[in-house]
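Residue-level listing of the chains:
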Amino acid sequence: MAEGADVSREADLLARVPDGLLVGGRWRAASDGATFPVHDPSDGSVVKQVASATVEDGRAALDAAVDAFSAWSRTPARERAEVLRRSFDLVVEHADDLALLMTVEMGKPLAESRAEVTYGAEFLRWFAEEAAHVQGRYGANPQGTGRMVVTQHPVGPCYLITPWNFPLAMATRKIAPALAAGCTVVVKPASLTPLTTLLVAQLLLDAGVPAGVVNVVTTTRTGPVSEAVIGDPRLRKLSFTGSTPVGRQLLAQAAGGVLRTSMELGGNAPFVVFDDADLGTAVDGAIAAKFRNIGQACTAANRFLVHRSLADEFARRVTERVAAFRTGRGTQEGVTIGPLIDDRAVAKVEELVDDAVSRGARLLTGGSRVERPGSFYAATVLADVPPDAALLREEIFGPVLAIVPFDDEDEAVRLANDTEYGLVSYVFTESLARGQRMVERLETGMTGLNVGVVSDAAAPFGGWKLSGLGREGGAEGIHEYLQTKYTLTADPFA
């Protein structure tokens, strides 16, 4: 818990965060006055009450997005870019407030929250630059009977559903390309961590985003609100980051309106360490790939496949590092592992670890809840995890590093690809040829080669198989919010 001046600073910050729905450029209460509490996961205390939107509020937000679309889509790309660039500047200017707010509502250590502000702000700057680079093409058709004109157009009003684990970056990663393309949006942040998105939305207004271009609905009535918005024929795009089961439900709903969809879903990332890897680099990469965001990331390494000749030494080194981690509230100096998002998350991690140990995995450190207020689970290392352990099939979403030995490259590929997910993979080897082979053989949308973190605003983020559809970030990201039109004109020389 914060103390002294820190308590005062947090209270002041929380008082400045909007607590209503943003509809048509105005903050207002839910239509029935309902609110819900936002908790600090480090002690379970309520830090703020925010509006809980009704179905009518969701429709009103879409009304505002529809009304604003015509003018915003016709706004010159350079003007949209300048608004996004001012938004970037304001997010950077308020970086300390945004980082503290994230740590209070989500739990991650303050240093990681600051890193997320930097990462999330970059989407605003990147897509400010991409806005003016949307191009078409012109040329004669092959028969020479006319001229082909291909143009790009904003897809229309969009519904953006963001997760609780990266409340700033996941919002900007969706909002920025939509606005750059000329779309308007209704954003529904996760009810566990809505505050950061609400503050970002206010900064967007301050930067000059016109009324109705960005609307925000916070709610605990997610199902009915989302169903109503997705089912409205005026909506043209759905973007979701979250679990695969929920993504499947949303895809089924989106099918009725044949909506454009972007789905960033679950992961089960393999982290492969070959016998020729630089072990120090691999251990550093493992710590980053596993324990960033307290392991609560779809990109977190889930299965550590280590060549049998290195498995014991790798386990010894990572255990030494992990055992030295400091657990506590993310605002405290030197804390490495903050709380998980809530007690349900702790229970799931506890169940997966207990299952693995019961099946023969060796517990090297951690392996239990932390006896203190809040939703804490000790950073854990497991060795010799058997193939029937549930945590090799399910996304752990917690601070648990599970090691599985392998004997050769073909076995490593087989184990790595033995999952229905395909978001990201990590490979550590000093052989260029082997690295190239693994990049081509692994069934994932992204690969980190001798690095433990791959996310970058300039790169296309997304997965294969049940990890989703579409890409966010990079030059590809803006095209998720554009649709193509082909026009044939008569031969001007005929």
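Scope of this entry: the structure provided in the associated data block. (Residues numbered from 1 in each chain as written. Predicted model: local features only at pLDDT ≥ 70, side-chain atom pairs only at ≥ 80, totals over all residues. Heavy atoms only, no water.)

Moving on to the overall build of the protein. Assigned secondary structure in the protein consists of 15 helices and 22 strands. Judged by the C-alpha coordinates and their principal axes, the protein covers about 75 × 65 × 40 Å. Out of the 494 residues in the protein, the part that is buried amounts to 57%. Contacts in the protein between residues at least 24 apart in sequence constitute 74% of all its contacts with a sequence separation of at least 6. Per element, the accessible surface of the protein, about 19100 Å² overall, is 52% carbon and sulfur. If you average the places of the 48 positive and of the 62 negative side-chain charges in the protein, the two averages end up 5 Å apart. (Helix = DSSP H or I, 4+ residues; strand = E, 2+ residues; numbered from the N terminus. Buried < 20%, exposed > 50% of the residue type's maximum accessible area, 1.4 Å probe, protein only. Contact = heavy atoms within 4.5 Å. Areas by Shrake-Rupley, 256 points an atom, 1.4 Å probe, with all protein chains shown as cover. Lys, Arg positive; Asp, Glu negative; His and termini not counted. Charge placed at Lys NZ, Arg CZ, Asp CG, Glu CD.)

An ideal rise of 1.5 Å per residue puts 22 Å on 16 residues; helix H12 (residues 343-358) measures up with 22 Å between its terminal C-alpha atoms. Of all the residues in H12, the buried ones are Ala-345, Val-346, Val-349, Leu-352, Val-353, Asp-355 and Ala-356. One side-chain oxygen at the N-terminal end of H12 lies 3.2 Å from the backbone nitrogen of Arg-344; it belongs to Asp-342. Backbone geometry just downstream of H12 places Gly-360 in the positive-phi region, at approximately 120 degrees. (Expected span 1.5 Å × (residues − 1). Polar contact = N/O pair within 3.5 Å; in protein donor to acceptor, adjacent residues only side chain to side chain.)

Once that is clear, we can look at the packing of aromatic side chains. Taken as a whole and judged by the stated rule, the model has eight aromatic pairs. For the ring pair Trp-164 and Phe-397, a centre distance of 5.7 Å and an interplane angle of 85 degrees mean the geometry is edge-to-face. Placement of the pair is Trp-164 in the loop between strand S7 (158-161) and helix H6 (169-181) and Phe-397 in the loop between strand S15 (380-383) and strand S16 (400-406), with a sequence separation of 233 residues. When its relative accessible area of 18% is taken as the criterion, Trp-164 is described as buried. Put simply, the rings of Phe-271, Phe-304, Phe-314, Tyr-426 and Phe-428 pair up and form one aromatic cluster. Directly above the ring of Phe-461 sits Arg-173, whose terminal nitrogen or CZ lies 4.0 Å from the centroid. Just above the ring of Phe-274 sits the side chain of Arg-434; from NZ or CZ to the centre is 4.4 Å. (Phe/Tyr/Trp six-rings, centres within 6.5 Å; stacked < 30°, edge-to-face > 60°. Lys NZ or Arg CZ within 6 Å of the ring centre and 35° of its normal.)

Of the two faces of S15, both are covered, the one formed by Thr-380 and Leu-382 as well as the one formed by Val-381 and Ala-383. In this structure, strand S14 (residues 362-365) lies alongside S15, joined through three bridges in antiparallel fashion. Residue pairing in the sheet places Leu-363 in a bridge with Leu-382 of S15. (Pairing = 2+ DSSP bridges.)

Backbone hydrogen bonds are what pair the strands of a sheet, in a parallel or an antiparallel way. With mixed pairing, the seven strands of this open sheet are ordered in space as S14-S15-S16-S13-S12-S18-S19. Looking along the sheet, the strands with just one partner apiece sit at the ends: S14 and strand S19 (446-449). Going from strand to strand, the sheet's axes swing by 20 degrees on average, the running direction of each strand aside. Two strands pair when backbone bridges link them, and S15 and S16 are joined in this way by three bridges, in the parallel orientation. Each residue of the ladder has a partner; that of Val-381, found in S16, is Leu-401. (Axes fitted to C-alpha atoms, helices over the stretch in contact; angles between N-to-C directions.)

Let us now look at the state of the cysteines. For the coordinates displayed, the defined rule picks out zero disulfides. Left without a disulfide partner, Cys-158 is nearest to the cysteine sulfur of Cys-183, which lies 4.0 Å away. Given a relative accessible area of 0%, Cys-158 falls into the buried group. (Disulfide = S-S within 2.5 Å.)

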